[in-house]
Each structure stands twice: as C-alpha cells, then as structure tokens.
Amino acid sequence: MSTPFQQRSIWSGFQRGLSGKCPHCGEGQLFSSYLKIAPRCASCAHDTGVYRADDGPAYFTILIVGHIVIAPLLFLEFVRTWPVGWVLAVVIPTIVALTLTLLPRVKGAFVGVQWAVGDRPRSS
Ligand SMILES: [Zn+2]
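Residues numbered from 1 in each chain as written. Predicted model: local features only at pLDDT ≥ 70, side-chain atom pairs only at ≥ 80, totals over all residues. Heavy atoms only, no water.

*Asks:* Summarise the overall build of the protein; cite the residues concerned and give the values.
*Replies:* Along the backbone of the protein there are 4 helices and 0 strands. Listing each helix as α and each strand as β along the protein from the N terminus yields α-α-α-α. What you see for the protein is a C-alpha radius of gyration of 18 Å, clearly larger than the 14 Å of a compact globule of 124 residues, by over 25%. Principal-axis analysis of the C-alpha atoms places the extent of the protein at approximately 60 × 25 × 25 Å. Burial status across the protein gives 33% buried among its 124 residues. Long-range pairs, those at least 24 residues apart, make up 58% of the contacts in the protein with a sequence separation of at least 6. Accessible area for the protein stands at about 7800 Å²; split by element, carbon and sulfur atoms hold 65% of it. In the protein, which carries 11 positive and 6 negative side-chain charges, the distance between the mean positions of the two groups comes to 6 Å. (Helix = DSSP H or I, 4+ residues; strand = E, 2+ residues; numbered from the N terminus. Rg over C-alpha atoms; globule rule 2.2 N^0.38 Å. Buried < 20%, exposed > 50% of the residue type's maximum accessible area, 1.4 Å probe, protein only. Contact = heavy atoms within 4.5 Å. Areas by Shrake-Rupley, 256 points an atom, 1.4 Å probe, with all protein chains shown as cover. Lys, Arg positive; Asp, Glu negative; His and termini not counted. Charge placed at Lys NZ, Arg CZ, Asp CG, Glu CD.)

Following this line, the structure appears as structure tokens:
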C-alpha cells in the first residue's frame with residue numbers, strides 16, 4: 001500500500017529501504033541490480049529513480065565497518081601474536097564481505113530516509 005506524503009515516517013522508509021523494498025509501498029524491489037536504483041517501482045510505479053544517494057551510503061558503510069571490524073581488532077590478542085600475513089588473510093576478506101553485504105542495504109535505507117523527509121521527485 002502506498003503512503004501519502006503527510007504520513008511518511010523515517011522509520012518505515014528506513015526499514016523498507018534496508019530490506020531493498022520500495023520505500024513508497026514496501027512491496028516492489030528498490031534495486032534493479034546490485035547498487036542501481038530501479039527507475040520506477042514495479043508494484044506501485046513510484047518514481048524511485050529520482051533519489052540520489054551519492055556518497056552517503058559509502059560513507060556510512062565505512063563508518064559501520066570501521067566500528068564493527070577495525071575498532072575491535074585493537075583489543076584482540078591474535079592481531080599482536082599472529083604473523084601479519086595471517087592477520088591480513090583473516091581481516092581483509094571479513095572487511096570485503098561485510099562491506100559488500102552492507103552497502104546495498106545502507107543505500108536502500110538512505111533512499112528510504114530521503115523518501116520520508118521530502119526529497120520528492122521534481123515535476124518537470
Ligand atoms: Zn512501490
């Protein structure tokens with residue numbers, strides 16, 4: 001069900017975007033590929049292609065991964081005792097996997113918040 005502009009909440013837009021769904025109806029797919037926003041929702045025809053996330057999702061993904069992986073590494077014993085090559089063999093794939101997993105979700109949430117706060121499609 002689509003949501004009128006006056007009733008849009010940041011939380012519902014955030015949740016719908018986080019799950020990769022259209023922030024307007026919560027049913028159609030937000031992405032047409034890994035990170036490409038579909039131009040229109042297949043379910044409600046909302047113009048999802050107008051939302052521009054730019055570098056915001058990358059910035060927040062780096063912030064989240066840094067707090068989940070990098071900061072705890074400072075307190076883990078194996079970082080100081082294992083050879084550097086082993087540490088990198090564990091840490092780098094973890095960072096890459098977490099980043100690639102989070103990036104589309106963060107972008108979806110970013111678009112969902114834009115939908116809620118009024119970055120509406122411009123009439124032309
Ligand atoms: Zn929709």
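*Asks:* Lay out the packing of helix 1 (residues 10-18) against helix 4 (residues 84-117) with the relevant residues and their values.
*Replies:* Following both chains from N to C, one finds helix 1 and helix 4 inclined at 150°, their axes separated by 7 Å at the closest point. With respect to helix 4, the element helix 1 is oriented roughly antiparallel. Here the hand of the crossing between helix 1 and helix 4 comes out right-handed. Every residue of helix 4 that contacts helix 1 at Ile-10, Ser-12, Gly-13, Phe-14, Arg-16, Gly-17 and Leu-18 is listed here: Arg-105, Gly-108, Ala-109, Gly-112, Val-113, Trp-115, Ala-116 and Val-117. Residues belonging to the contact of helix 1 with helix 4 are distributed by class as follows: 8 nonpolar, 5 polar and 2 charged. (Axes fitted to C-alpha atoms, helices over the stretch in contact; angles between N-to-C directions. Parallel < 35°, antiparallel > 145°, perpendicular 65-115°, else oblique. Left-handed = near helix turned anticlockwise from the far one by under 90°. Nonpolar A, V, L, I, M, F, W, Y, C, P; charged D, E, K, R; others polar.)

*Asks:* Report on the coordination of the zinc ion, specifying residues and quantitative values.
*Replies:* Around the zinc ion, the protein supplies Cys-22 (SG), Cys-25 (SG), Cys-41 (SG) and Cys-44 (SG) as donor atoms, at distances of 2.2 to 2.4 Å. Taken together, the 4 donor atoms coordinating the zinc ion span angles of 106 to 112° at the metal, a pattern that classifies the geometry as tetrahedral. If you list the donors of the zinc ion from N- to C-terminus, the spacing comes out as C-x2-C-x15-C-x2-C. A relative accessible area of 4% places Cys-41 in the buried class. Look at Cys-44 and you get partly exposed, because its relative accessible area is 28%. (Donors = N, O, S within 2.8 Å, 3.2 Å for Na, K, Ca; no water. Tetrahedral: all angles 85-135°; square planar, octahedral: opposite > 155°, others 65-115°.)

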